[in-house]
Amino acid sequence: MATTRNRSHKHFQLDAVKIKRAQKALRAKTETETIERALDLAIAEHQKNRLVLEATERFVKSGIEIEDVYGTVDG
């Protein structure tokens, strides 16, 4: 969570229903906490996606061949 020094005052027009739904889903006490948690989730998701992409690229570049021993993959 951001410290007081890292915070900046912003004005947004947001859907109140979405905020309330997110607040309930994230179990946040305040709207600010809801937005903070939602932003943290978005950042974490982006980092996971980046790591998965990097791992996939390394795997493909390794030249490994995968055998479909069960015959379930078309190709």
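Analysis parameters
- Residues numbered from 1 in each chain as written.
- Predicted model: local features only at pLDDT ≥ 70, side-chain atom pairs only at ≥ 80, totals over all residues.
- Heavy atoms only, no water.
- Helix = DSSP H or I, 4+ residues; strand = E, 2+ residues; numbered from the N terminus.
- Expected span 1.5 Å × (residues − 1).
- Contact = heavy atoms within 4.5 Å.
- Polar contact = N/O pair within 3.5 Å; in protein donor to acceptor, adjacent residues only side chain to side chain.
- Salt bridge = Lys/Arg side-chain N within 4 Å of Asp/Glu carboxyl O.
- Buried < 20%, exposed > 50% of the residue type's maximum accessible area, 1.4 Å probe, protein only.
- Axes fitted to C-alpha atoms, helices over the stretch in contact; angles between N-to-C directions.
- Parallel < 35°, antiparallel > 145°, perpendicular 65-115°, else oblique.
- Nonpolar A, V, L, I, M, F, W, Y, C, P; charged D, E, K, R; others polar.

### Some thoughts on helix α2 (residues 31–61)
Along its 31 residues, α2 runs 45 Å from first to last C-alpha, staying within 8% of the 45 Å computed at 1.5 Å per residue. Looking at the buried positions of α2, the neighbouring elements they touch are α1 (16–26). At the exit of α2 stands Gly63, carrying a positive phi of roughly 80°.

### Quick word on α1
The residue sitting at the N-terminus of α1 and contributing the capping side-chain oxygen is Asp15; that oxygen lies 2.9 Å from the backbone nitrogen of Val17. Phi turns positive, to about 55°, at Arg27, one or two residues after α1.

### Remarks on the pattern of salt bridges
For the structure shown, the criterion picks out five salt bridges. Across the salt bridge formed by Arg37 and Glu33, the nearest N and O atoms sit 2.5 Å from each other. One end of the pair is Arg37 and the other is Glu33, both in helix α2 and four residues apart, which spans about a single turn. Since its relative accessible area comes to 29%, Arg37 is described here as partly exposed. In this structure Glu33 comes out as buried when scored by relative accessible area, which is 15%.

### Looking at the side chain of Gln23
The topology assignment puts Gln23 in helix α1. You can call Gln23 buried: its relative accessible area is 10%.

### Observations concerning the packing of α1 against α2
Between α1 and α2, the least distance of the axes is 9 Å, while the angle of their chain directions is 75°. Between α1 and α2, the angle falls in the class roughly perpendicular. Across from Ile19, Lys20, Ala22, Gln23 and Leu26 in α1, the residues of α2 making contact are Glu31, Thr34, Arg37, Ala38 and Leu41. Among the residues making up the contact of α1 with α2, the classes are represented as five nonpolar, two polar and three charged.

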